[in-house]
Amino acid sequence: MTVAVKERAATPFVGEFDAFEKKASAAGPGWLMPIRKAAIARFAEVGIPTTRDEDWRYTNVSGIAKRGFRMRTGAAPAVQASEIEPFVIGVAAGVRLVFVNGAFSAALSRCPSAGKGVAVGSLTEALKNGSAWVHEHLTHWARYQAFPFAALNTAFMEDGAVVHVPRGVVVESPIEIVHLTTAGDAGSVNYPRTLIVAEAQSQVTVTETYAGLNGSYFNDVVTEIVAGESAVVDYYKVVRERPGAFHVGLLHVQQHRSSTFTAHTSVLGEATVRNNVTAVMDGEGCDCTLNGMGMMEGDGLVDNHLRVEHAKPHCRSWEYYKAILDGRSRGVFTGRIVVSEGAQKTDAKQTNMNLILSDEALADSKPQLEIFADDVKCTHGATIGQIDGDAIFYLRSRGMSAAAARSLLVYAFASESLNQIRVPALRTCLERLVLDRLPGGRALGAVA
Amino acid sequence: MLEIRNLHASVEGKEILRGVDLTVRAGEVHSIMGPNGSGKSTLAQVLAGRETYEVTEGAILFDGQNLLEMEPDERALAGVFLAFQYPVEIPGVTTNYFLRAALNAKRKHLGEEEVDAVDFLSLVKEKAAWVKIDPALLNRGINESFSGGEKKRNEILQMAVLEPKLAVLDETDSGLDIDALKIVADGVNRMRSQSRAFVVVTHYQRLLNYIVPDYVHVLVGGRIAQSGGKELAFKLEEQGYAWVEKEPAAAGAR
Ligand SMILES: Nc1ncnc2c1ncn2[C@@H]1O[C@H](COP(=O)(O)OP(=O)(O)OP(=O)(O)O)[C@@H](O)[C@H]1O
Ligand SMILES: [Mg+2]
């Protein structure tokens, strides 16, 4: 297939499609190839965004083109169970799916039957088996026309996690998904793709962790979630990519009537991380909560880019994002709330708070409200500030050292977000990660 | 215990304390009164080590140590406690967590064993009962959405747990109704001992009915203008501060 490449930076990625097409056509399924082709054509048309694009003004991803990240050929290097240990949440029971460089690893995964007709497994398998629900939903929701990197993922995706919860089924234990990258010296790109379908009145919790062992790499990620009528879906994303790595994700959640969706995204470290979230409340009485916590240092960047669509009346959305920025790191937040005509009684609230720890760290925060209904409640607020000197003095006046007081206040800022995590093992894990990054943090934790 | 000599302090180049002299011995209660803006809180904050205020002249000795050379936390560990006029709200850190960390920092400093969570909870429960604070409040962020009275009582609770040698109370009575005032005074009175001293900053003689001071000082324009016994507080209550400002400073505040 020949596609016209309008954007030079896109060329190396598009150039890989011909070879990929042959392999993917053989693997099937037939219905997917036309979608892949449309997606690569779209990507060729728009290319890799630059800081001249309003949506990418503060997030420079030119390194993705410059580094020449290539798809990996051949088998993934062997990874020992001990190497994934630091990145697992430690939920005692339940399913754990592990992917290494985008490919499912049966050896590292733990797949007891989730029971009750729940399907959990790898996307490659599901495509091979021709699951009807995969055909029905995969690529159907995530808008690759609007997101260049989602187009790229749609063209090249091969594997990832799939979860299907039948009508009325409640999955007790969280389903844990771990994406591990071991890139080695040659820069590589992965296209993990996750699909979670919770049918009407079902309930499920899924956690996805992205982490890197070594190398420089680009993770181009798409997760599609469908919450059926009155379904309850909790989704957690943890990004612990390597310093210098790129991570661009699109989370699309499609909500049906009276469904409840809650997401919490934690990003830690020194990578460049962009999280696009599109939440579509396409039924009355939906509830959508999007929370996030970023803790960046070095040259790290966390960019949370949200689009919440109130398509129907009586829906409630709540966004609460926090970032702690040290070193030369940067925090970017864009929160678009779109209230369609007729989406009366919309209740939308958005909060973004940034704590700047160094002279060189920066935060940018931008709400974007598009309201086409008249009976709505829409509030937003953003703060960018430093550690409160009065609070430091108060703590010190009781005998805490300056370093301990400072660390405690940073921890407190983070914990207001982490407290919203409803998987205790994950909350504990993240609390530890935050404390580990603070001077004397371990000692603070010991008091808790 | 505390000796302040010719203390001058300024903020943003403006001199606020202009030669304060004060001596406090163990077991004594000193009250400091004075009009708004006379420098009472400045004095209290300087004692606790707030960097915002620059000490330009004078000395402060605490148990023979040069207090001005000590960091705020070192002062606390040495036994200085300040009950803030405006206690700070710190969401995300519970009072229980913070107070245990503070207590253990102090114990460590004294070479004592740290308290574990169980012992701490029973200790804090006992002291919370003194000041009639619902222990459930202590699992909230420090002072987070506390009422004015709850904040003041929380200061007294912290004092009771940390058992300082010198407690400086900056308008701990302001904004309290009579019941809350009695609770606060009762907390202070339980803490009075031969080895502990108090400096009580207040606007109102009312508090001094419950915390009876040994000495009353009047701070005017950054200097101690009058010193006397508790009867001085009654005179101030009746006549206001105008007469003090006119009279020359009494023979040395002690
Ligand atoms: N951080 C500061 N920055 C600038 N000016 C200050 C600061 N703190 C105090 N001041 C000024 O210093 C003077 C004394 O203030 P201080 O708070 O010590 O008075 P006070 O006697 O405690 O008054 P009050 O009875 O109202 O509590 C006032 O004029 C005040 O405006
Ligand atoms: Mg004052």
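Treat the numbers as computed from the prediction; the structure is a model and nothing was measured.

Asks: What is the right way to read the coordination of the magnesium ion (ligand 2) from this model?
Replies: A four-donor tetrahedral metal ideally has 109.5 degree angles, and a six-donor octahedral metal ideally has angles of 90 or 180 degrees. Surrounding the magnesium ion (ligand 2) are the protein donor atoms B:Ser41 (OG) and B:Gln85 (OE1), at 1.9 to 2.2 Å. Separated by 44 residues along the polypeptide, B:Ser41 in helix H1 (residues 40-48) and B:Gln85 in the loop between strand E6 (80-83) and strand E7 (90-94) bring together distant segments of the chain.

Asks: Please explain the pairing of strand E18 (residues 330-339) of chain A as it appears in this structure.
Replies: Residue and element names in this part refer to chain A. Of all 10 residues that make up E18, eight are buried, and the element is covered over most of its length. Bridge count between strand E16 (residues 301-310) and E18: 10 bridges; the pairing is parallel. From the neighbouring strand, Glu-309 faces E18, where its bridge partner is Val-338. The sheet contact formed by E18 and strand E20 (residues 362-371) spans 10 bridges and is parallel. Paired with Val-338 across the two strands is Glu-370, which belongs to E20.

Asks: Before we go on, may I ask you to explain the domain arrangement of chain A in this structure?
Replies: Interfaces are often sized by the amount of accessible area the parts lose when they come together. Residues and elements named next belong to chain A. Along its sequence, chain A is organised into domain 1 (50-387) and domain 2 (388-448). Relative to domain 2, the C-alpha centre of domain 1 lies at a distance of 26 Å. At the junction of the two partners, domain 1 supplies 31 residues and domain 2 supplies 23 residues. Where domain 1 abuts domain 2, roughly 2300 Å² becomes buried across the two surfaces, and 68% of that area is made up of carbon and sulfur atoms. Looking at the side of domain 1 facing domain 2, the largest losses of area belong to Tyr-236, Met-295 and Ile-387, adding up to 26% of the total buried there. Run the count over domain 1 and domain 2 and you get three salt bridges. The salt bridge involving Glu-297 is made with Arg-437; its shortest N-O contact spans 3.1 Å. Applying the counting rule to domain 1 against domain 2 returns 12 residue pairs in polar contact (both at pLDDT 80 or more). Looking at the side of domain 1 that touches domain 2, the elements with two or more residues in it are strand E9 (203-214), strand E11 (232-240), strand E13 (260-269), strand E15 (287-296), strand E17 (316-325) and strand E19 (346-356). Among the residues forming the side of domain 1 that touches domain 2, the class breakdown is 16 nonpolar, 11 polar and four charged.

Asks: I'm lost on the site of ligand 1 in this one. Help?
Replies: Residues and elements named next belong to chain B. Neighbouring ligand 1 are 17 residues, the closest being Gly-37, Lys-40, Ser-41, Thr-42 and His-203. Between ligand 1 and Gly-37, the relevant distance is 2.9 Å, taken from an oxygen atom to a main-chain nitrogen or oxygen of the residue. In the model, an oxygen atom of ligand 1 is placed 3.0 Å from a nitrogen or oxygen of the Gly-39 main chain. Contact with the protein chains removes 69% of the 640 Å² of surface that ligand 1 exposes when unbound. Contributing elements (two or more residues each) for the shell around ligand 1: strand E2 (14-24) and H1. With three residues, the single largest contributor to the shell around ligand 1 is H1. Across the shell around ligand 1, the residue classes break down as four nonpolar, nine polar and four charged.

Asks: Would you explain a negative patch on the surface in this entry?
Replies: A cluster of like negative charges, contributed by B:Glu113, B:Glu114, B:Asp116 and B:Asp119, occupies part of the molecular surface. Tracing the backbone through its elements, the reader meets B:Asp116 in the loop between helix H3 (95-109) and helix H4 (117-130).

Asks: Would you take a moment to explain the pattern of salt bridges for this structure?
Replies: Side-chain pairing between opposite charges can occur once the charged atoms of the two side chains come close. Residue and element names in this part refer to chain A. According to the stated counting rule, one finds 32 salt bridges over all chains in the structure shown. Between Asp-234 and Arg-422 there is a salt bridge, and its shortest N-O distance comes to 3.0 Å. Separated by 188 residues along the polypeptide, Asp-234 in strand E11 and Arg-422 in the loop between helix H10 (402-418) and helix H11 (424-436) bring together distant segments of the chain. Since its relative accessible area comes to 8%, Asp-234 is described here as buried. Residue Arg-422 is classed as exposed on the basis of its relative accessible area of 52%. The closest approach of N and O atoms between Lys-345 and Asp-375, which form a salt bridge, is 2.7 Å. With Lys-345 in the loop between E18 and E19 and Asp-375 in the loop between E20 and strand E21 (376-385), this pair connects stretches of sequence that are 30 residues apart. Residue classification places Lys-345 among the partly exposed positions, given a relative accessible area of 45%.

Asks: Before we go on, may I ask you to explain helix H8 (residues 148-156) of chain A in this structure?
Replies: The element H8(A) is largely enclosed, with a buried count of nine among its nine residues. Restricting attention to buried positions, one finds in H8(A) the residues A:Pro148, A:Phe149, A:Ala150, A:Ala151, A:Leu152, A:Asn153, A:Thr154, A:Ala155 and A:Phe156.

Asks: How should the sheet that holds strand E4 (residues 54-62) of chain B be read in this particular structure?
Replies: As a general point, the strands of a sheet are linked pairwise by backbone hydrogen bonds and lie either parallel or antiparallel. Residues and elements named next belong to chain B. Pairing is antiparallel in the open sheet, where four strands are placed in the order E2-E1-E4-E5. The sheet is open, and its two borders are formed by E2 and strand E5 (65-66), each paired with just one other strand. Pairing of E4 with E5 involves two bridges; the strand directions are antiparallel. Pairing of Phe-62 across the sheet is with Gln-65, part of E5. Sitting on the sheet, H1 touches strand E1 (2-11), E2 and E4, and the angle it makes with E1 is about 110°.

Asks: How should the interface of chain B and chain A be read in this particular structure?
Replies: Taken together, the contact between chain B and chain A spans 32 residues of the former and 24 residues of the latter. Around 2200 Å² of area is buried between chain B and chain A when both sides are counted, 65% of it from carbon and sulfur atoms. The tally of links between chain B and chain A comes to five salt bridges. Among the salt bridges present, the one from B:Arg50 reaches A:Asp390, with a minimum N-O distance of 2.7 Å. Our count for the chain B to chain A interface comes out at 10 residue pairs in polar contact (both at pLDDT 80 or more). Counting residues per element, the ones that place at least two in the side of chain B that touches chain A are H1, helix H2 (72-78), E6, E7, H3 and helix H5 (148-162) of chain B. Among the residues forming the side of chain B that touches chain A, the class breakdown is 21 nonpolar, five polar and six charged.

Reading the values: rules and limits
Residues numbered from 1 in each chain as written. Chains lettered and ligands numbered in written order. Predicted model: local features only at pLDDT ≥ 70, side-chain atom pairs only at ≥ 80, totals over all residues. Heavy atoms only, no water. Donors = N, O, S within 2.8 Å, 3.2 Å for Na, K, Ca; no water. Helix = DSSP H or I, 4+ residues; strand = E, 2+ residues; numbered from the N terminus. Buried < 20%, exposed > 50% of the residue type's maximum accessible area, 1.4 Å probe, protein only. Pairing = 2+ DSSP bridges. Domains from an automatic or database assignment. Contact = heavy atoms within 4.5 Å. Buried area = accessible area lost by both parts, 1.4 Å probe. Salt bridge = Lys/Arg side-chain N within 4 Å of Asp/Glu carboxyl O. Polar contact = N/O pair within 3.5 Å; in protein donor to acceptor, adjacent residues only side chain to side chain. Nonpolar A, V, L, I, M, F, W, Y, C, P; charged D, E, K, R; others polar. Near = heavy atom within 4 Å. Areas by Shrake-Rupley, 256 points an atom, 1.4 Å probe, with all protein chains shown as cover. Patch = residues over 30% accessible without salt bridge, like charges linked within 9 Å, V, L, I, M, F, W, Y side chains within 5 Å. Lys, Arg positive; Asp, Glu negative; His and termini not counted. Charge placed at Lys NZ, Arg CZ, Asp CG, Glu CD. Axes fitted to C-alpha atoms, helices over the stretch in contact; angles between N-to-C directions.

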